[in-house]
Amino acid sequence: MSAAPGPGEALRVEAEVAANRREGGAGWRLRLRAGPDWPASRPGQFVMLSPGAVGAVARLDPLLPRPMAIYATRPGDAGAEVDVLYQVTGRGTALLAEARPGERVRVVGPLGRGFPEPGAGEDALLVGGGTGIASLYDLAARGAERGARVAVLLGARGADHLMGRDDFAALDVELRIATEDGSEGTRGLVTELLEQALAERPGAAVYACGPTPMMRRAAEIAGARGATCHVSLENRMACGFGICLGCAVPRAGEGFDLVCREGPVFEAGTLAWDGLP
Ligand SMILES: Cc1cc2nc3c(=O)[nH]c(=O)nc-3n(C[C@H](O)[C@H](O)[C@H](O)COP(=O)(O)OP(=O)(O)OC[C@H]3O[C@@H](n4cnc5c(N)ncnc54)[C@H](O)[C@@H]3O)c2cc1C
Ligand code: FES
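In what follows, the accompanying structure is described. (Residues numbered from 1 in each chain as written. Chains lettered and ligands numbered in written order. Predicted model: local features only at pLDDT ≥ 70, side-chain atom pairs only at ≥ 80, totals over all residues. Heavy atoms only, no water.)

## Structural notes on the site of ligand 1
Inference 1: Among the 20 residues in the neighbourhood of ligand 1, the closest are listed as Arg66, Pro67, Gly92, Thr93 and Arg236.
Inference 2: The separation between a nitrogen atom of ligand 1 and a polar main-chain atom of Leu85 is 2.8 Å.
Inference 3: A distance of 3.0 Å separates an oxygen atom of ligand 1 from a polar atom in the backbone of Gln87.
Inference 4: Compared with its free state, where it exposes 870 Å², ligand 1 has 77% of that area covered by protein.
Inference 5: With respect to the detected pockets, ligand 1 is housed in the largest pocket.
Inference 6: When residues of the shell around ligand 1 are traced back to their parent elements, those giving at least two are strand 4 (66-69), strand 6 (79-87) and helix 1 (91-96).
Inference 7: Broken down by element, the residue count for the shell around ligand 1 peaks at 4 residues, all from strand 4.
Inference 8: Here the shell around ligand 1 is built from residues that sort into 9 nonpolar, 7 polar and 4 charged.
Inference 9: Residue-level mapping places the shell around ligand 1 at the junction of two domains, with at least three residues from each of domain 1 (11-111) and domain 2 (123-275). (Near = heavy atom within 4 Å. Polar contact = N/O pair within 3.5 Å; in protein donor to acceptor, adjacent residues only side chain to side chain. Areas by Shrake-Rupley, 256 points an atom, 1.4 Å probe, with all protein chains shown as cover. 1 Å grid on protein atoms, 1.4 Å probe; cavity = no way out; pocket = protein on both sides within 12 Å on 5 of 7 lines; lining within 4 Å. Sits in = over half its atoms within 2 Å of the grid points. Helix = DSSP H or I, 4+ residues; strand = E, 2+ residues; numbered from the N terminus. Nonpolar A, V, L, I, M, F, W, Y, C, P; charged D, E, K, R; others polar. Domains from an automatic or database assignment.)

## Remarks on the side chain of His161
Inference 1: Among the secondary structure elements, His161 is positioned in the loop between strand 9 (149-156) and helix 3 (165-169).
Inference 2: When neighbours within four sequence positions are excluded, His161 is seen to be in contact with Ala26, Gln87, Ile133 and Ala156. (Contact = heavy atoms within 4.5 Å.)

## Side note on the sheet that holds strand 13 (residues 229-232)
Pairing between sheet strands relies on hydrogen bonds along the backbone, with the strands arranged either parallel or antiparallel.
Inference 1: Strand order in this open sheet of 7 strands is 11-10-9-8-12-13-16, and the pairing throughout is mixed. Bordering the open sheet on either side are strand 11 (186-187) and strand 16 (265-267), each of which pairs with just one other strand.
Inference 2: Contacts from helix 5 (residues 212-224) reach strand 8 (123-129), strand 12 (205-209) and strand 13, with the element oriented near 170° to strand 12. (Pairing = 2+ DSSP bridges. Axes fitted to C-alpha atoms, helices over the stretch in contact; angles between N-to-C directions.)

## Quick look at helix 5
Inference 1: For helix 5, with 13 residues, the first-to-last C-alpha span of 18 Å sits near the 18 Å given by 1.5 Å per residue.
Inference 2: Contacts made by the buried residues of helix 5 are with strand 8, helix 4 (190-200), strand 12 and strand 13.
Inference 3: Backbone geometry just downstream of helix 5 places Gly226 in the positive-phi region, at approximately 70°. (Expected span 1.5 Å × (residues − 1).)

## Things to note about the nonpolar core
Inference 1: Residues Val127, Leu194, Val231, Leu233, Leu271 and Trp273 are the most contacted members of the largest nonpolar core, which totals 38 residues.
Inference 2: Elements supplying a minimum of two residues to this core: strand 3 (46-49), strand 7 (104-111), strand 8, strand 9, helix 4, strand 12, helix 5 and strand 13.
Inference 3: When residues of this core are assigned to their parent elements, the largest contribution, 6 residues, is made by helix 5.
Inference 4: Both of domain 1 (11-111) and domain 2 (123-275) provide at least three residues apiece to this core.
Inference 5: Dropping the residues within four chain positions of it, Trp273 is found in contact with Thr212, Met215, Arg216, Ala219, Val231 and Ala268.
Inference 6: If you look at the next biggest cluster of nonpolar residues, it comprises 29 residues, including Tyr71, Leu126, Leu139 and Val150. (Core = buried A, V, L, I, M, F, W, Y, C linked by side-chain atoms within 4.5 Å. Buried < 20%, exposed > 50% of the residue type's maximum accessible area, 1.4 Å probe, protein only.)

## Here's the deal with the pattern of salt bridges
Inference 1: Per the stated rule, a full pass over the model turns up 24 salt bridges.
Inference 2: Glu174 is paired through a salt bridge with Arg176; the nearest N and O atoms lie 2.6 Å apart.
Inference 3: Given the relative accessible area of 29%, Glu174 is considered partly exposed.
Inference 4: Through salt bridges with shared partners, a single ionic network connects Glu23, Arg29, Arg31, Arg74, Asp83 and Asp167. (Salt bridge = Lys/Arg side-chain N within 4 Å of Asp/Glu carboxyl O.)

This is the structure:
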């Protein structure tokens, strides 16, 4: 029997779909049986998922896998079970939503570098917008377990788009919500919540994932107060491990980084924000 891969090594598996269902609103939860050899992952790492079940439909379109954050991993009866939370935004995710329990989905992961984790007693402000919320759950859960003072700020168009809200509410973290239509929490942008929270907790570290303008604003707010800020970019990806060069983003100064290999998490000041998609 081969030894299980350690953290940092990626695996390619055909994982059995344990569950794949809509969670009210726009969010879907996919639970995959990734097996006994699936490596431990860090918060913020991701997988490349085939767009739909293996063999369900003969197709080459869409051919490429889709990147998805590892929302949570837990031990199951037959090894690791990996949860992914997603929204249907196009063809790939629409096909993924058709995968039924018992079917198999190709998965490669864990990929990329994750977030640095807040330690005991440290203040951490996690800012999630839209599908970016899914990249922050594991960070919030582990931060709370380690004794960090974690506040989670979630933002979306409306209550229907707040993925994983009940999971965050069940953690030992402070939860604040902003929606653009005012259907839950305060009406407005999640970055407005960040301004308030950072005024209350000067010195907190900021961790953000969501649309680029949201992360850019979070980085500005953190920078103005001298707070560290890490962002997780959600660029389009073709391969996920440094081969196609399709996910290059410009560095502050000069040069490029690959989001899949050097990221998706970056210290905000290292990015040339004007050149980001
Ligand atoms: C590291 C990483 C982690 C991610 N984690 C999640 C997650 O946990 N849950 C989730 O729902 N989504 C996540 N995404 C975004 C997800 O990969 C895209 O939504 C998905 O690839 C869209 O595929 P599609 O075939 O359904 O859409 P397509 O048909 O390819 O595109 C449909 C629409 O979505 C836009 N789009 C496509 N890809 C992206 C993207 N990467 N970012 C923003 N807009 C895009 C297109 O421009 C188009 O308007 C993540 C992306 C990255 C890079
Ligand atoms: S997605 Fe191919 S190099 Fe990053």
